[in-house]
Amino acid sequence: MSPGAAAAVFTPRSLAALGAVCDLAPPPVLDDLTTVRAKDVLGDVAVLVTGWGCPSLDADVLAAAPRLACVVHAAGSVRGHITDACWERGIEVSSAAAANALPVAEYTLAMILLHGKHVLERARDFRRTRERADWLSTPHEVGNYRRTVGILSASLIGRRVIELLRPFDHEVLLHDPYVTEAEAAELGVRRVGLPELFARSDLLSVHTPLLAATRGLVSRELLAAMRPGAVLINTSRGAVVDQDALTDVVRAGRVRAVLDVTDPEVLPADHPLWDCPNALITPHLAGSQGNEWERLADTAVAEVARWAAGDGFAHPVRRERLAFLA
């Protein structure tokens, strides 16, 4: 991983915990696997703990690591470094994607509740007028009682959002072509088609991974079908949404948007969404940050301990599931 990722994710406490279950190669962290030192280290390695900035583990790297049996990724997606050569060699792979899903789901829940109450808009008006509005005149579209929340994709994050929503008085709709009616019932949601999801949701949260089949999935037609004043929340990838179409409906005042990701990321300085009062753009902060990185490290340490004990990974990444993963 990059030195920055190592310093951020692995505190002295987590490094001590990792050192208690395996012999650690001496620092500094490897961020170039082609150097003489890297090849010397790789020659003895059975487990690679990886993170953001990990180089590709291609056939040449694997040739220098004859004992390598598993890769434990202390972050989410493994697409950037796990290659076909890893799978062909039979290397086991684990990811902390489930741990990284938790803060994203928490951010999503917070935005659902804040925007259900129209907190940001009402706070802005309060700051401008310095007067409290007549609370008995609050429109009935404000509030979190019996709102309809749509979830686009039952990914790790989507499922966690569904779980977090259970104590609230929301109807939760789900669109995911890989989820059956029985599975949806088990999740406590109603399975619907894509057009119905957009047409019925008061707040709609996108959790679809960016794949060839999902690029631009949230189309102009779907956005146009959303209820006036509905909220689109995107913590997935910006390119899942037609950015130009979203800009048009937001600027027209039809839809509110919460965007932790955009396309491109970051939007140009003169992009009209920056100045839209009904758009909240955050700097890709929903995922693990600050002390939440410790959860990633703890997950990686636990996975190494399980593997060393012969118990197998709690969070394995399967090659046959890659087509559905971020």
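Cut-offs and rules
Residues numbered from 1 in each chain as written. Predicted model: local features only at pLDDT ≥ 70, side-chain atom pairs only at ≥ 80, totals over all residues. Heavy atoms only, no water. Helix = DSSP H or I, 4+ residues; strand = E, 2+ residues; numbered from the N terminus. Buried < 20%, exposed > 50% of the residue type's maximum accessible area, 1.4 Å probe, protein only. Contact = heavy atoms within 4.5 Å. Areas by Shrake-Rupley, 256 points an atom, 1.4 Å probe, with all protein chains shown as cover. Lys, Arg positive; Asp, Glu negative; His and termini not counted. Charge placed at Lys NZ, Arg CZ, Asp CG, Glu CD. UniProt positions renumbered as here; feature names shortened; annotations may be inferred. Pairing = 2+ DSSP bridges. 1 Å grid on protein atoms, 1.4 Å probe; cavity = no way out; pocket = protein on both sides within 12 Å on 5 of 7 lines; lining within 4 Å. Points joined across faces, edges and corners; volume = space filled by probe spheres on them. Nonpolar A, V, L, I, M, F, W, Y, C, P; charged D, E, K, R; others polar. Core = buried A, V, L, I, M, F, W, Y, C linked by side-chain atoms within 4.5 Å. Axes fitted to C-alpha atoms, helices over the stretch in contact; angles between N-to-C directions.

Turning next to the overall build of the protein. Looking only at helices and strands, the protein has 13 helices and 10 strands in total. Each principal axis of the C-alpha distribution contributes one length, and for the protein these read about 70 × 45 × 35 Å. When each of the 326 residues of the protein is scored for burial, the buried share is 45%. For the protein, restricting intrachain contacts to residue pairs at least 6 apart in sequence, the fraction spanning at least 24 positions comes to 62%. Entry remark: accessible area of the protein is about 16300 Å², with carbon and sulfur atoms responsible for 55%. Here the protein carries 33 positive and 40 negative side-chain charges, and the mean point of each set is 6 Å from the other.

Within this structure's numbering, the places UniProt gives as "domain: D-isomer specific 2-hydroxyacid dehydrogenase catalytic" (unreviewed entry) are residues 46-317. Secondary structure content for residues 46-317 is 35% helix and 16% strand, and the end C-alpha separation is 18 Å.

A few words on the sheet that holds strand β10 (residues 279-281). Strand order across the open sheet formed by seven strands is β6-β5-β4-β7-β8-β9-β10, with parallel pairing between neighbours. Unpaired on one side and paired on the other, β6 (190-191) and β10 mark the two borders of the sheet.

This brings us to the layout of surface pockets. In this model, the second largest pocket occupies a volume close to 830 Å³. Every residue lining the second largest pocket is counted, 32 residues in all, and those nearest its centre are Leu18, Leu24, Ala25, Val47 and Val49. Listed by contribution, the elements that provide at least two residues to the lining of the second largest pocket are α1 (3-9), α2 (12-19), α3 (36-42), β1 (47-50) and α13 (293-308). Looking at side-chain class alone, the lining of the second largest pocket contains 28 nonpolar, one polar and three charged residues.

What follows deals with the nonpolar core. Phe198, Leu223, Leu232 and Leu246 are the most contacted members of the largest nonpolar core, which has 27 residues in total. At four residues, the largest contribution of residues to this core is made by helix α12 (residues 243-251).

Let us now look at the sheet that holds strand β2 (residues 70-73). Taken in spatial order, the three strands make up an open sheet running β1-β2-β3, and their pairing is parallel. Taken across any chain shown, the strands that pair with only one partner, and hence form the sheet edges, are β1 and β3 (92-95). If you compare each strand with its neighbour and ignore which way they point, the axes differ by 15 degrees on average. In the sheet, β1 pairs with β2 via four bridges, with the strands oriented parallel. Bridge pairing in β2 links Val49 to Val72.

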